[in-house]
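Now for the letters of each chain:
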Amino acid sequence: MPKEGQAQVALSVRWMVLPAVILTLAMVVFPLGYAIYLSFGGGSASGLGVSLYARLFSDPVFWSSLKITLGLFVAALALQLVLGTALALLLNRYDVVRGLVRTAILSPFMIPPVVVGMIAIVVLDPGLGAANWVLQSIGLPPLLWLASPEWSLLVVALIDTWQWTPFVALIVLGGLQSLPGRVYEAAEIDGAIGLKRFWYVTLPLLGPTLLTVAVLRSVDLLRFFDIIYITTQGGPGNATTTLNIYAYKLGFEFMDVGYASSLMIALAIIVFGSVLFFTVLRKKVTW
Amino acid sequence: MNEFKHPWLVKIAFSIGALLFLFPLIWMALSSFKSPLEVTAYPPVLIFSPTLDNYSELFGRTDFLHNTWNSFVVAGGSTLLGLIIATPAAFAISWHRMMWPATVSLFARMAPGTLFLLPWFIMFSKMGLSGTFTALILSHAVITMPLALWILLPYCDGMPREVVESAQIDGCRGPGILMRIVLPMMYPGLIVATIMSFVFSWNYFLFALALSGFETKTAIVASFNFIGEGTTNWGALMAAATVIAMPPLVLTFIVQRWLVSGLSFGAVKG
């Protein structure tokens with residue numbers, strides 16, 4: 001409270017958010033409204049209605065894209081959380097995060113996914129790629145990698161795991177370092193050591209951190225686009241056609257703007273659903 | 001514990017692990033210096049005499065220099081625009097403790113880009129802005145503005161209110177306070193926000209893919225077109241990849257200490 005003789009009027013700088021609000025209205029809120037309008041058939045010959053959403057349910061490519069999106073999401077998130085936590089535990093035990101190790105941790109996720117995709121094209125080429133040469137030189141059969149109808153989605157998940165596991169590890173490491181030391185002392189007195197200590201003490205305490213990472217990664221994974229568009233374009237067949245890839249192709253290659261919009265609204269609902277799910281879960285496990 | 005008796009052993013083990021992990025990036029850089037015959041040789045050649053042919057082809061025979069310049073214009077422009085908008089907003093949000101604008105801006109971070117892309121495409125066509133830098137910079141500002149806002153918020157929160165209030169008593173008005181008091185106090189935050197915004201904008205593919213025109217095509221979109229051209233020249237492709245990867249790598253090493261808080265975008269609190 002300002003006393004007499006001090007500032008008579010409390011400083012008001014509310015108007016300073018105005019440019020940010022204008023940009024958000026013009027570039028986010030209005031386009032969102034427009035996309036909703038398009039998704040209900042706005043601007044098309046057939047008039048307003050829910051026919052485009054009805055079409056989603058009878059479109060086999062929508063269902064397969066949904067399955068692929070969720071499969072990629074679950075596989076990559078699980079891999080990244082498990083490997084990232086393991087890496088964080090290692091880094092926490094040995095104080096080595098500097099020099100070459102720091103370079104290895106920071107580089108992958110700071111370069112554009114498009115560059116990662118370009119490297120994947122060259123390294124994972126079934127005929128001339130270095131990956132198959134490594135496999136053959138240790139006596140394993142060569143693989144088709146991204147050209148394989150069965151395994152290409154897993155390969156995409158592994159590429160993303162290479163790029164983002166260090167990021168997960170960095171955040172989990174931050175979480176580990178902020179854990180209260182006295183909990184460990186108490187656990188030691190109770191005889192909880194090694195794996196037991198990890199499972200019953202460290203992991204529950206890391207819950208909020210892991211769920212924060214899960215939110216950040218799920219937002220990116222559910223919208224997966226760049227690496228797939230660069231490498232497989234959704235193929236072979238539709239093996240790596242995620243919802244985002246499918247919607248982009250519908251909108252910009254087949255000019256089916258209304259249907260692509262309803263698909264994107266569905267995806268946005270899925271993304272926000274997952275964010276809400278992890279956020280609520282995070283509140284529950286916060287200690 | 002045994003392993004602590006040999007710290008150098010631990011160091012060597014981690015360094016080997018780091019090198020193996022970096023193999024794709026090392027391979028990219030090596031391949032960009034190979035001749036066309038060597039780059040597609042099988043089994044791959046590890047020892048070769050490095051050549052700059054791929055780079056001279058990339059910059060000499062294609063528009064890649066122009067494309068790289070376009071990338072700098074778009075990333076630089078959207079970083080500037082994002083910061084000009086986000087800095088006063090961060091100050092106001094922090095000063096009045098009103099979180100809704102920050103929360104709304106997160107929406108842009110989470111919604112699928114394609115959702116905005118179709119309406120933008122129609123909007124920009126109607127305004128005659130298709131394929132212009134204006135359209136690209138505005139669309140990329142949707143990435144940089146919320147990012148800068150969330151990076152700057154903690155710096156604003158950490159500012160002592162008394163300093164701002166006493167400036168007001170001395171007759172300073174809103175804009176003066178922002179320029180003379182707030183900006184100098186949070187310049188480390190501004191540096192981090194600038195660099196992170198630039199990197200995120202530089203790395204972003206989807207908006208430029210759909211919205212850039214022939215004259216404004218960015219390096220990332222141009223290199224995607226190389227792949228589409230069928231007869232892929234791996235050497236030139238890896239040279240392009242190396243050129244594109246360089247600015248983010250150089251910049252992030254400048255701010256590595258603050259990197260994680262910037263990336264987690266305000267989501268990691270407590």
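Structure first, text after, so check above.
Per chain, residue numbering runs from 1 following the sequence as it is written. Both sets of labels track the order of writing: A upward for chains, 1 upward for ligands. Reporting in this predicted model follows two pLDDT cut-offs: at least 70 for local features of residues, and 80 or more for side-chain atom pairs to be given and counted; totals over whole chains, interfaces and linings ignore these cut-offs and use all residues.

Asks: How do you make sense of unusual backbone geometry when you look at a structure like this?
Replies: Residues other than glycine predominantly adopt negative phi, and peptide bonds predominantly adopt the trans conformation. Here the amide bond leading from A:Gly235 into A:Pro236 is cis, since omega sits at -5°, within 30 degrees of zero. Labels follow the DSSP assignment, with helices taken as runs of H or I lasting at least four residues and strands as runs of E lasting at least two, numbered in each case from the N terminus. Mapped onto the elements of the fold, A:Pro236 is located in the loop between α10 (226-231) and α11 (243-253). Going from B:Tyr42 to B:Pro43, the amide bond is cis rather than trans, its omega being 0°. Following the sequence through the fold, B:Pro43 ends up in the loop between α3 (36-39) and α4 (53-61). The phi dihedral of A:Trp145 is positive, around 50°, even though this residue is not glycine. Its place among the elements puts A:Trp145 in the loop between α6 (130-137) and α7 (152-177). Non-glycine residue A:Gln233 carries a positive phi angle of around 55°. Note on placement: A:Gln233 falls in the loop between α10 and α11. Exposure classification rests on a simple neighbour count of other C-beta atoms within 10 Å of a residue's own: a residue reaching 20 or more is buried, one at 12 or fewer is exposed, and one in between is partly exposed. C-beta atoms are placed from the backbone. Among the residues examined, A:Gln233 registers 14 C-beta atoms within 10 Å and is labelled partly exposed.

Asks: What's the story with the interface of chain A and chain B in this structure? I'm lost.
Replies: Interfaces are frequently sized by the accessible area removed from exposure as the parts join. Whether two residues are in contact is decided by their C-beta atoms, placed from the backbone, lying within 7 Å. At the interface, 68 residues of chain A touch 74 residues of chain B. Ranked by residue count, the leading element in the side of chain A that touches chain B is helix α1 (residues 18-39) of chain A, at 12 residues. Its residues assigned to classes, the side of chain A that touches chain B shows 55 nonpolar, nine polar and four charged. The classification used treats Ala, Val, Leu, Ile, Met, Phe, Trp, Tyr, Cys and Pro as nonpolar, Asp, Glu, Lys and Arg as charged, and all other residues, Gly among them, as polar.

Asks: What should I look at first to understand the environment of B:Val255 in this one?
Replies: Residue and element names in this part refer to chain B. Here Val 255 is to be found in the loop between α14 (234-254) and α15 (259-263). Judged by the 17 C-beta atoms lying within 10 Å of it, Val 255 falls in the partly exposed class. Separated by 59 residues in the primary sequence, Val 255 and Met 196 place their C-alpha atoms 8.6 Å from one another. For Val 255, the contacting residues outside a window of four places in its chain are Val 192 and Ile 195.

Asks: Explain the nonpolar core here, please?
Replies: Generally speaking, nonpolar side chains in soluble globular proteins are found buried as a group. Put simply, a nonpolar core is buried Ala, Val, Leu, Ile, Met, Phe, Trp, Tyr and Cys residues tied into one set by C-beta atoms within 7 Å. If you look at the biggest cluster of nonpolar residues, it comprises 161 residues, and the most contacted ones within it are A:Leu263, B:Ala86, B:Ala89, B:Leu149, B:Leu152, B:Ala208 and B:Ala241. What counts as a domain boundary in this text is fixed by an automatic or database domain assignment. Both of domain 1 (2-54) and domain 2 (57-263) of chain B provide at least three residues apiece to this core. If we ignore the near neighbours within four places in the chain, the residues touching B:Ala241 are A:Val115, A:Met118, A:Ile119, B:Met28 and B:Ser223.

Honestly, that's just the spatial picture; any functional story needs more than this.
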